[in-house]
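Structural features, examined
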Amino acid sequence: MPTPPPKVSLRARRLALAILATITFSLCIAAIIVTYQRQQPPVQKINYSQLYGFAEAGGAVALQVEGETLTVTRADGSLVQATVTGEAPQNEVVQLFRKNKVPVEFKPIQPGLLASFISWGLPVLTLGLIAFAGWRIYASMSGRGSFELENHNGKQDVGFDDVAGVDEARAELTETIEFLRNPERFSRLGGRVPRGILLYGPPGTGKTLLARAAAKEAGVAFLAASGSSFQEKFAGLGAARVRHLFAKGRKLSPCIIFIDEIDALGRQRGRGGDSASADQDQTLNQLLVEMDGFDQSTAVVVIASTNRPDILDKALTRPGRFDREIAVNLADVSGREAILKVHARNLKLESGLDLQWIARGTPGFSGAELANLMNEAAIAATRDDAEAVERKHIEIARDRILMGAERQGFMMDEDERYATAVHEAGHVAVGLAVENGDPIHKVSILPRGRALGVTQSLPERDRFMKKREYLEDQIALLLGGRAAEQILLSTMTAGASNDIERAVEIARRMVSEFGMSRLGPIHLGQPDQQRSQSLLDKVEEATNELINSQLERACAIVTAEQESIGRLVELLMERDTLDADEILGCFKREARAA
Ligand code: ADP
Ligand code: ZN
């Protein structure tokens, strides 16, 4: 349903215009005054006795007294001027002129240079500042600067060569690109062109990249805005920005308008009565109006991206709006290899370094993370003064991405190191014991990022489906650290808080989203939806049950593995970081068949 355009920005526009008019007007006045003053005839300066002479001799036609300045107009029209300080001498001379029938005019003091600056320049300057501020507000209100224009003439540095591992999404965009290249042909054939495309998928998978590449491929302009830039402090401004963006798009047509994170403005409407969400509704309405306003011949395609398609307002995905949805998923192993190839283009790799090997070791990595990996590896190689990027640099980079950077110069005392080693050993023990977990890859008690220690497990393959058993094992693994503290140290540390948070998060989703608890298949949906308190209580209860039973299981494992854990702790205290083989050695286990 169309809503009337907001009035705020119109008012702002008028205000800004009024201010602009005022400043122009005062500038004109100032200019006139200055010119007028310049045009006054030249004056000759004289001293007091000369002035006295003039007064005595007569022959003057007028005297002007302006403060201490006395100006005499002589019969020939020329001017002489003297400065007379003190009242008595001034009076004396004025009396003398009077006696000789020279008319005397007393004028208010003419301002000097500084004075005239204060009386004219300052107000003008102030007005100028006000006008400038007004103009800035006006500019920000009307939505200027809220989006960027790229690629005005199709010259864009990102093309499909730079996007890899998303072939399906790319194929889905071909029709759109055809349309943008040749809009007339499409409308002649009467085909309905997808006007709005929704790219959805996890962050960093290349959605922005795809939209950019599509613009380059079609050779059209690319207008990019972020959904969050439409969230505004002033009511109605978001809608004004949307209007401005689309007006610009129409002007640039053919073009692609890209709206990143559309969920920021496209959430379901009518959720709350507060003014912020009312304003957001208005912004969203404006977007819908704009999209409905395209006719067949407007060569503008709107591409939006989100990682939360589920929370979008249903009206957004109706026919004629974002009616084509394209999934952009995390790449599989061959996709990752292709992405790595893109980002290794400008790097010198050691001859034996195989991109496929890297791809296999990075399941779950997004395109952005892979790009980051190659970048970090290059940095590590540079730091090493190496000729080329080697395997070990890739490993350093991967550890850094998975576990955070090592904290330099941070010393734990022996007790803390020991507690950390026990905690991590607990994770390892549980990770090795459970059947559906990912293999443990590394364990370390070197503080990294915010963590004091890290246990790193890596899936040996891409996981597309997460079974209940896998999730339960994950919870147990996360609680393994706390279990070891309880059993081996008879204490608890705050270091487990992040583990617990993540475990509870998994458990809650199992209960309230995946229907994997005794409550059966329930789904709570969006967090902001209203739910009965009794249902929420039940979910909380079931979540707690899950957590507690997994903690018990972790404790049982730790108790059974006490001996191996002891060996691991000892080795950790000695070497800080252990790899998979060393870990398995402590647990007297064969390496798992990879
Ligand atoms: P999204 O919009 O999905 O969050 P981006 O398109 O902004 O992700 O990707 C961020 C960066 O990650 C890109 O600039 C690029 O360097 C890298 N990247 C992400 N996906 C890919 C991909 N499929 N191929 C190549 N590089 C990618
Ligand atoms: Zn932990």
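As shown above, the structure is provided for reference.
Here's what I pulled together on the structure shown here.

**Regarding the environment of Leu568**
Tracing the backbone shows Leu568 in helix H20 (residues 562-575). Leu568 sits in the buried class, given a relative accessible area of 0%. In this structure, the C-alpha to C-alpha distance between Leu568 and Gly585, residues 17 residues apart in sequence, is 8.8 Å. Excluding residues within four positions of it along the chain, Leu568 makes contact with Ala425, Val428, Leu578, Ile583, Cys586 and Phe587.

**Here we look at the packing of aromatic side chains**
Under the counting rule described, the total for this entry stands at two aromatic pairs. On the basis of an interplanar angle of 50° and a centroid distance of 6.2 Å, the ring pair of Tyr48 and Tyr52 is categorised as tilted. Of this pair, Tyr48 and Tyr52 both sit in helix H2 (residues 48-57), four residues apart, roughly one helical turn. Classification of Tyr52 by relative accessible area gives partly exposed; the value is 23%. Taking 5.8 Å as the distance between ring centres and 25° as the angle between the ring planes, the aromatic pair formed by Phe222 and Phe258 counts as stacked. Of the two residues, Phe222 is situated in strand S8 (residues 221-226) and Phe258 in strand S9 (residues 255-260); the sequence distance between them amounts to 36 residues. Each member of the pair, Phe222 as well as Phe258, carries the same accessibility label: buried.

**Quick word on helix H6 (residues 174-181)**
Of the residues making up H6, those classed as buried are Thr176, Ile177, Phe179 and Leu180. Buried residues along H6 cover an arc of 160° about the axis, so they all sit on one side.

**Side note on the nonpolar core**
Val428, Ile475, Leu568, Ile583 and Phe587 are the most contacted members of the largest nonpolar core, which has 47 residues in total. Contributing elements (two or more residues each) for this core: helix H16 (414-433), strand S12 (440-444), helix H17 (468-489), helix H18 (497-512), helix H19 (533-560), H20 and helix H21 (580-586). What Ile583 contacts, discounting residues up to four positions off in sequence, is Val428, Leu432, Ile440, Lys442, Val443, Leu568 and Leu578. In this structure, Ile197, Leu210, Ala211 and Val301 belong to the second largest nonpolar core, which totals 28 residues.

**Thoughts on the sheet that holds strand S13 (residues 454-457)**
Across the sheet, three strands lie side by side as S13-S12-S14; this open sheet has antiparallel pairing. At either margin of the open sheet sits one strand with a lone partner, and together these are S13 and strand S14 (577-579). Here the strands of the sheet are splayed against their neighbours by 15° on average, with no regard to which way each runs. Where S12 meets S14, three bridges bridge the pair, whose relative direction is antiparallel. Within the sheet, the bridge partner assigned to Ser444 lies in S14 and is Thr577. Together, S12 and S13 form the strand contacts of H16, whose direction differs from that of S12 by roughly 170°.

**Here's the deal with the site of ligand 1**
The environment of ligand 1 is made up of 15 residues, and the closest members are Ala164, Gly204, Lys207, Thr208 and His343. Here Gly206 contributes a backbone N or O atom positioned 3.0 Å from an oxygen atom of ligand 1. A distance of 3.4 Å separates an oxygen atom of ligand 1 from a polar atom in the backbone of Ala368. For ligand 1, whose accessible area on its own is 560 Å², the fraction buried by protein is 79%. Looking at side-chain class alone, the shell around ligand 1 contains seven nonpolar, six polar and two charged residues. Shared between two domains, the shell around ligand 1 holds at least three residues of each, these being domain 2 (150-327) and domain 3 (333-403).

**What about the pattern of salt bridges?**
In the structure shown here, the tally under the stated rule is 21 salt bridges. A salt bridge links Arg518 to Glu545, with the shortest nitrogen-to-oxygen separation between them at 2.9 Å. One end of the pair, Arg518, is in the loop between H18 and H19; the other, Glu545, is in helix H19, with 27 residues separating them in the sequence. On the basis of relative accessible area, Arg518 is assigned to the exposed category, the value being 52%.

Criteria and thresholds
- Residues numbered from 1 in each chain as written.
- Chains lettered and ligands numbered in written order.
- Predicted model: local features only at pLDDT ≥ 70, side-chain atom pairs only at ≥ 80, totals over all residues.
- Heavy atoms only, no water.
- Helix = DSSP H or I, 4+ residues; strand = E, 2+ residues; numbered from the N terminus.
- Buried < 20%, exposed > 50% of the residue type's maximum accessible area, 1.4 Å probe, protein only.
- Contact = heavy atoms within 4.5 Å.
- Phe/Tyr/Trp six-rings, centres within 6.5 Å; stacked < 30°, edge-to-face > 60°.
- Arc of directions from axis to C-beta.
- Core = buried A, V, L, I, M, F, W, Y, C linked by side-chain atoms within 4.5 Å.
- Pairing = 2+ DSSP bridges.
- Axes fitted to C-alpha atoms, helices over the stretch in contact; angles between N-to-C directions.
- Near = heavy atom within 4 Å.
- Polar contact = N/O pair within 3.5 Å; in protein donor to acceptor, adjacent residues only side chain to side chain.
- Areas by Shrake-Rupley, 256 points an atom, 1.4 Å probe, with all protein chains shown as cover.
- Nonpolar A, V, L, I, M, F, W, Y, C, P; charged D, E, K, R; others polar.
- Domains from an automatic or database assignment.
- Salt bridge = Lys/Arg side-chain N within 4 Å of Asp/Glu carboxyl O.

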